Amino acid sequence: MSAPLSQADKDALVAAARAVQHRAYAPYSGFHVGAALLTRDGKVHCGVNVENASYPVGACAERIAIGAAFTAGDRDIIAVAVATDAPIPVMPCGMCSQALFEVSPELLVIASGAGDQRREVRVRDVLPFAYQGEGLTPVEPKSETTR
Ligand code: THU
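First things first, this report covers the structure right here in the doc.

1. A look at the packing of aromatic side chains
Going through the model one piece at a time under the given rule, you end up with one aromatic pair. Plain terms: the ring middles of tyrosine 28 and tyrosine 55 are 5.5 Å apart, the flat faces sit at 45° to each other, and that makes the pair tilted. Within this pair, whereas tyrosine 28 is found in the loop between helix 1 (7-21) and strand 1 (34-39), its partner tyrosine 55 is found in the loop between strand 2 (44-48) and helix 2 (61-71), the two being separated by 27 residues in sequence. The exposure class assigned to tyrosine 55 is exposed, which follows from its relative accessible area of 59%.

Here it is in structure tokens:
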């Protein structure tokens, strides 16, 4: 899937994020988020937000989805859909944008809010000054293959 995403591709990804949204564990905020990542070869990996009584321990749907994709051995990700019921489509938070930027700065973010109102933006435009490891001495190449 190297051509730009079609409207049908985007709708299907948003539908995948919507389909898991009800599984969010959000007893503290009541804000249910579903995320769906699309790989270049058409696979979809989902995540929901998972909150915790110790609030900072909670994790956003986007980072849970990244974990699911990487665990499945899928790192070539081209788009993410984020489904919420917010009146304005919700962009990934700063921490998730940083995590998504590492996956790909070109990643297309499709945010879907109440009534499936949408906003689309590249993750590099959500977090233009994402940290890219400046000052770190890499211990292994980022392109390390899945074992
Ligand atoms: N949340 C996400 O899962 N993704 C976002 O893009 C924004 C916020 C979650 C974190 C927390 O569980 C709840 O929404 C309220 O902030």
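2. Concerning the sheet that holds strand 3 (residues 77-83)
With mixed pairing, five strands are arranged side by side in an open sheet as 2-1-3-4-5. Of all strands in the sheet, those with a lone pairing partner are strand 2 and strand 5 (118-122), marking the two edges. Neighbour-to-neighbour, the strand axes of the sheet open up by a mean angle of 15°, direction not taken into account. Here strand 1 pairs with strand 2 via five bridges, running antiparallel. Within strand 2, the position partnered with alanine 35 by the bridge is glycine 47. Together, strand 1, strand 2, strand 3, strand 4 (108-112) and strand 5 form the strand contacts of helix 1, whose direction differs from that of strand 1 by roughly 140°. The strands touched by helix 2 within the sheet are strand 1, strand 2 and strand 3, with strand 2 carrying the most contacts at an inclination of about 140°.

Procedures and definitions
Residues take numbers from 1 onward in each chain, read along the sequence in its written order. Local features in this predicted model are restricted to residues of pLDDT 70 or higher, and side-chain atom pairs are both shown and tallied only at a pLDDT of 80 or more, whereas totals for entire chains, interfaces and linings draw on every residue. Water and hydrogen atoms play no part in the side-chain values, which are based on all heavy atoms of the structure. Only rings of Phe, Tyr and Trp enter the pairing, Trp through its six-membered ring, and a pair is recorded when the two centres are within 6.5 Å. The plane angle decides the type: under 30 degrees is stacked, over 60 is edge-to-face, the rest tilted. What counts as a helix is a DSSP run of H or I of at least four residues, what counts as a strand is a run of E of at least two, and both are numbered from the N terminus. The buried label goes to any residue with under 20% of its type's maximum accessible area, the exposed label to any with over 50%, and the partly exposed label to all in between, with areas taken from a 1.4 Å probe on protein chains only. Two strands pair under a simple rule: DSSP has to find at least two bridges between them. Axis lines are fitted through C-alpha atoms, for helices just across the contact stretch, and the angle between N-to-C directions can take any value from 0 to 180 degrees. By the convention used here, residues are in contact when the closest approach between their heavy atoms is within 4.5 Å.

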